[in-house]
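Observations on the model geometry
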Amino acid sequence: AQSVAQPEDQVNVAEGNPLTVKCTYSVSGNPYLFWYVQYPNRGLQFLLKYITGDNLVKGSYGFEAEFNKSQTSFHLKKPSALVSDSALYFCAVRDPYTGRRALTFGSGTRLQVQP
Amino acid sequence: SQTIHQWPATLVQPVGSPLSLECTVEGTSNPNLYWYRQAAGRGLQLLFYSVGIGQISSEVPQNLSASRPQDRQFILSSKKLLLSDSGFYLCAWSPSDTHNEQFFGPGTRLTVL
């Protein structure tokens, strides 16, 4: 079975500082990994994905994520946080070898960027 | 470009009443379609997904059902709503290739009183 964990309910960071939102996963094979962002009362917006290739993936709004197979992690990062980055962030995983098309989402991490 | 619509945006229904939420996708064909529920602004629970017309997979047995009468239309229904059905319902689609990032609609806020 595939699963994903986001160990932090909330992350607080000052504007201009680097941010990291953590995600670890569990799948039986090589994972497909995704990050989404959700603003209040809105749907989820796709940020980036890792399928194969370079472990560092760049996405929308200056975000990037690093796939680490040995640590089964896919942490989301940004070099300099903006107040407008404050939102709810979801990590998701799919194990392509199971034939299951649906993603499994983490519980979400609320990012609060203080001015 | 592809777009996904959901309606209504908000809904307040009494306990025991029926439910019908609609989701449509434009600009693509044969998409995979998904219904999620998000409770208390947090984690997403996959309710149903569909890989084609009339093909529905249920993830969690419950008071809800789904149907896909047309290629780009996905409907979430209930015959009798429960208080616990309250939440934020999100529809999503993904292309029918192997990588499957999902694209979400704006959601429907359902309150059952």
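Structure report, in brief. Given the structure is predicted, the values throughout are model-derived calculations rather than measurements. (Residues numbered from 1 in each chain as written. Chains lettered and ligands numbered in written order. Predicted model: local features only at pLDDT ≥ 70, side-chain atom pairs only at ≥ 80, totals over all residues. Heavy atoms only, no water.)

**Points about the pairing of strand β9 (residues 87-94) of chain B**
All names here are of chain B. Across the eight residues that make up β9, a large majority, eight, are buried. The pairing of strand β4 (residues 32-38) with β9 spans seven bridges and is classified as antiparallel. The partner of W35 across the bridge, within β9, is C91. Sheet topology places β9 next to strand β11 (residues 108-112); three bridges connect them, and they run antiparallel. In the strand pairing of β11, F88 is matched with R109. (Buried < 20%, exposed > 50% of the residue type's maximum accessible area, 1.4 Å probe, protein only. Helix = DSSP H or I, 4+ residues; strand = E, 2+ residues; numbered from the N terminus. Pairing = 2+ DSSP bridges.)

**What about the state of the cysteines?**
Counted by the stated rule, this structure contains two disulfides over all chains. Here C23 of chain A engages in a disulfide with C91 of chain A; their sulfurs sit 2.0 Å apart. Residues C23 of chain A and C91 of chain A share a disulfide whose torsion about the S-S bond is about -65°; that sign makes it left-handed. Taken together, the residues span a long stretch of sequence, with C23 of chain A in the loop between β3 (19-21) and β4 (24-26) and C91 of chain A in strand β10 (residues 87-94) at a distance of 68 residues. The same class applies to C23 of chain A and to C91 of chain A, which are both buried. Here C23 of chain B pairs with C91 of chain B through a disulfide, and the sulfurs are 2.0 Å apart. Taking the torsion about the sulfur-sulfur bond, which here is approximately -75°, the covalent link between C23 of chain B and C91 of chain B counts as left-handed. Of this pair, C23 of chain B sits in strand β3 (residues 19-26) while C91 of chain B sits in strand β9; the two residues are 68 residues apart in sequence, bridging distant segments of the chain. Here C91 of chain B falls in the buried class, since its relative accessible area comes to 0%. (Disulfide = S-S within 2.5 Å.)

**Structural notes on the sheet that holds strand β7 (residues 65-70) of chain B**
Residues and elements named next belong to chain B. The sheet built from four strands is open, its strands ordered β1-β3-β8-β7 with antiparallel pairing. On the outer flanks of this sheet lie β1 (3-7) and β7, each paired with one strand and no other. Each neighbouring strand pair of the sheet contributes to a mean axis angle of 20°, computed without reference to strand direction. The pairing of β7 with strand β8 (residues 73-78) spans four bridges and is classified as antiparallel. By the bridge assignment, A66 is partnered in β8 with L76. (Axes fitted to C-alpha atoms, helices over the stretch in contact; angles between N-to-C directions.)

**A word on the interface of chain B and chain A**
Counting residues at the interface gives 25 residues for chain B, matched by 25 residues for chain A. Across the chain B to chain A interface the summed buried area is about 1900 Å²; carbon plus sulfur atoms make up 49%. The tally of links between chain B and chain A comes to one salt bridge. A salt bridge links K49 of chain A to E101 of chain B, with the shortest nitrogen-to-oxygen separation between them at 3.0 Å. Where chain B touches chain A, the interface holds four residue pairs in polar contact (both at pLDDT 80 or more). Those elements that place two or more of their residues in the side of chain B that touches chain A are β4, β5 (44-52), β9 and β10 (103-104) of chain B. A per-class count over the side of chain B that touches chain A returns eleven nonpolar, ten polar and four charged. (Contact = heavy atoms within 4.5 Å. Buried area = accessible area lost by both parts, 1.4 Å probe. Salt bridge = Lys/Arg side-chain N within 4 Å of Asp/Glu carboxyl O. Polar contact = N/O pair within 3.5 Å; in protein donor to acceptor, adjacent residues only side chain to side chain. Nonpolar A, V, L, I, M, F, W, Y, C, P; charged D, E, K, R; others polar.)

**Notes on the nonpolar core**
When a protein is soluble and globular, its nonpolar side chains tend to lie buried together. Core analysis: the largest hydrophobic core is formed by 27 residues, its most contacted members being W35, L47, L48, F74, L76 and Y89 of chain A. At the level of elements, β2 (10-14), β3, β5 (32-38), β6 (44-50), β8 (64-68), β9 (73-78), β10 and β12 (109-114) of chain A are the ones that each hand at least two residues to this core. With four residues, the single largest contributor to this core is β10 of chain A. Dropping the residues within four chain positions of it, Y89 of chain A is found in contact with Q6, W35, Y36, V37, L47, F63, L76, G108, T109 and L111 of chain A. Ranked by size, the runner-up nonpolar core spans 20 residues in total, among them L103 and F105 of chain A together with Y49 and L90 of chain B. (Core = buried A, V, L, I, M, F, W, Y, C linked by side-chain atoms within 4.5 Å.)

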